[in-house]
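The residues making up each chain are set out below.
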Amino acid sequence: MADLAIDPVLMVGEGWDAYRLLDSGGGRKFEQYGAYRFIRPEPQAMWTPRLPDWDAHGEFVPGSDEDGGGRWQLTQDVPEAGWPLAWKDGVRFTAQCTPFRHLGFFPDMAPVWDWMGHFLAGRDDAETLNLFGYTGVGSLALSRFGRVTHVDASKKSVAQAQANAALSGLEDRPVRWLVDDAMKFAAREVRRGNRYDGIILDPPKFGRGPKNETWRLEEGLPGLVGDCRRLLDTDSRFLFLTVYAVRMSSLALAGLLAEIFADLPGTIEHGDLAVREVGDDARLLPTAIFARWSNPG
């Protein structure tokens, strides 16, 4: 039976050459993506900014409703088609000002990619699954350990993921790039009797599949996690679940995993993802909650 660790865990992204959190406060954050600096909304940054001025190339101004919307206001030249950035292990990707306020990847996921790599170290035959895989940076990070199945409902995101693989020179890595509804795909994999060594999933609060399927987190998550459990066994190593922008505790996610993973060995943990600002007296900016199951074997 998997042990549930009650005390929360903090996973902190420290930044690297491609990304820095320069400052935050007043409901906004000031970030650097390679050579370009941007301001984006961040409701959790309730403190006062440390820097007197934020010299940014652009700012995302949110819409009037809390469900999203808004537009970029660019004050300096930024390449419309994006610009290349890099992580490690040869993984490269294109950053770009998207209509959804993101810039083509989630930098707070960097410690998660390292964490998954720890459980697959030394492997080149692992089978991993990335649900809601977005532009594929996590899939490319996993691909050095074996085969990866990358699933996202957005054709545009999957196309960008494939472009990132080509930019990295990793298009020959064993990755299946699939445009599909994550919940339906997981259910089909269960019926096929397939299994994975690790699964990462990053479901949105609300979304639509390629055939206009509707996804609502609170309704769909228990069934999806249940199917993910059926794709894992006692030889599997991890499941990592992240959730953004919801009124929910990480302990609730851990409780769900504890119930569903009760018949497997290992440990269930939960907590926050955060990014550390640069400089002295740097603060931690929380970005998401997570729950994870791990099985060292």
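Look above for the structure.
Regarding helix α6 (residues 250-260)
Considered for burial, the residues of α6 that qualify are Ser-250, Leu-253, Ala-254, Leu-256, Leu-257, Ala-258 and Ile-260. Structurally, the start of α6 carries an N-cap: the backbone nitrogen of Leu-251 is 3.0 Å from a side-chain oxygen of Ser-249.

Some words on empty space enclosed by the protein
Going through the model one piece at a time under the given rule, you end up with one cavity of 30 Å³ or more. Of the voids in this model, the largest cavity is the one considered here, and its volume is about 170 Å³. When its residues are assigned to classes, the lining of the largest cavity shows eight nonpolar, five polar and one charged.

Details of the pattern of salt bridges
Scanning the entire structure with this criterion turns up 22 salt bridges. Note that Asp-55 and Arg-37 form a salt bridge whose closest N and O atoms lie 3.4 Å from each other. You can see Asp-55 sitting in the loop between β5 (36-41) and β6 (58-62) and its partner Arg-37 sitting in strand β5, a full 18 residues away along the chain. The exposure class assigned to Asp-55 is partly exposed, which follows from its relative accessible area of 48%.

Examining the nonpolar core
Side chains of nonpolar character tend, in soluble globular proteins, to be buried together. By size, the foremost hydrophobic cluster in this structure holds 52 residues, and its most contacted members are Trp-83 and Leu-273. Counting residues per element, this core draws most heavily on helix α1 (residues 110-120), at seven residues. Listed in part, the 35 residues of the second largest apolar core include Ala-2, Leu-217, Cys-228 and Leu-253.

Regarding the environment of Ile-39
Relative to the assigned elements, Ile-39 resides in strand β5. The spacing of Ile-39 and Lys-29 is ten residues in sequence and 5.6 Å in space, taken between C-alpha atoms. Look past the residues within four positions of Ile-39 in its chain and what remains in contact with it is Arg-28, Lys-29, Phe-30, Trp-54, Ala-56, Gly-58, Glu-59, Phe-60 and Trp-72.

Some remarks on the packing of aromatic side chains
According to the stated counting rule, one finds 19 aromatic pairs in the structure shown. The interplanar angle of 65 degrees and the centroid separation of 5.8 Å between the aromatic rings of Trp-115 and Phe-238 together place this pair among those described as edge-to-face. Note that Trp-115 is positioned in helix α1 and Phe-238 in strand β16 (residues 238-243), a separation of 123 residues in sequence. Here Trp-115 matches Phe-238 in class, with each residue buried.

Observations concerning the side chain of His-57
Here His-57 is to be found in the loop between β5 and β6. His-57 sits in the buried class, given a relative accessible area of 8%. Not counting residues within four places of it along the chain, the set of residues in contact with His-57 comprises Ala-35, Tyr-36, Arg-37, Phe-38, Leu-74, Thr-75, Gln-76, Asp-77 and Val-78.

Examining the packing of helix α4 (residues 182-192) against helix α5 (residues 217-230)
Axis separation between α4 and α5 bottoms out at 9 Å; the angle between their running directions is 35 degrees. Note that α4 runs across α5; the crossing there is left-handed. The segment α4 lies against α5, with Ala-182, Met-183, Ala-186, Ala-187 and Val-190 engaging Gly-220, Gly-223, Leu-224, Asp-227 and Arg-230. Counted by class, the contact of α4 with α5 contains six nonpolar, two polar and two charged residues.

Rules behind the numbers
Residues numbered from 1 in each chain as written. Predicted model: local features only at pLDDT ≥ 70, side-chain atom pairs only at ≥ 80, totals over all residues. Heavy atoms only, no water. Buried < 20%, exposed > 50% of the residue type's maximum accessible area, 1.4 Å probe, protein only. Helix = DSSP H or I, 4+ residues; strand = E, 2+ residues; numbered from the N terminus. Polar contact = N/O pair within 3.5 Å; in protein donor to acceptor, adjacent residues only side chain to side chain. 1 Å grid on protein atoms, 1.4 Å probe; cavity = no way out; pocket = protein on both sides within 12 Å on 5 of 7 lines; lining within 4 Å. Points joined across faces, edges and corners; volume = space filled by probe spheres on them. Nonpolar A, V, L, I, M, F, W, Y, C, P; charged D, E, K, R; others polar. Salt bridge = Lys/Arg side-chain N within 4 Å of Asp/Glu carboxyl O. Core = buried A, V, L, I, M, F, W, Y, C linked by side-chain atoms within 4.5 Å. Contact = heavy atoms within 4.5 Å. Phe/Tyr/Trp six-rings, centres within 6.5 Å; stacked < 30°, edge-to-face > 60°. Axes fitted to C-alpha atoms, helices over the stretch in contact; angles between N-to-C directions. Left-handed = near helix turned anticlockwise from the far one by under 90°.

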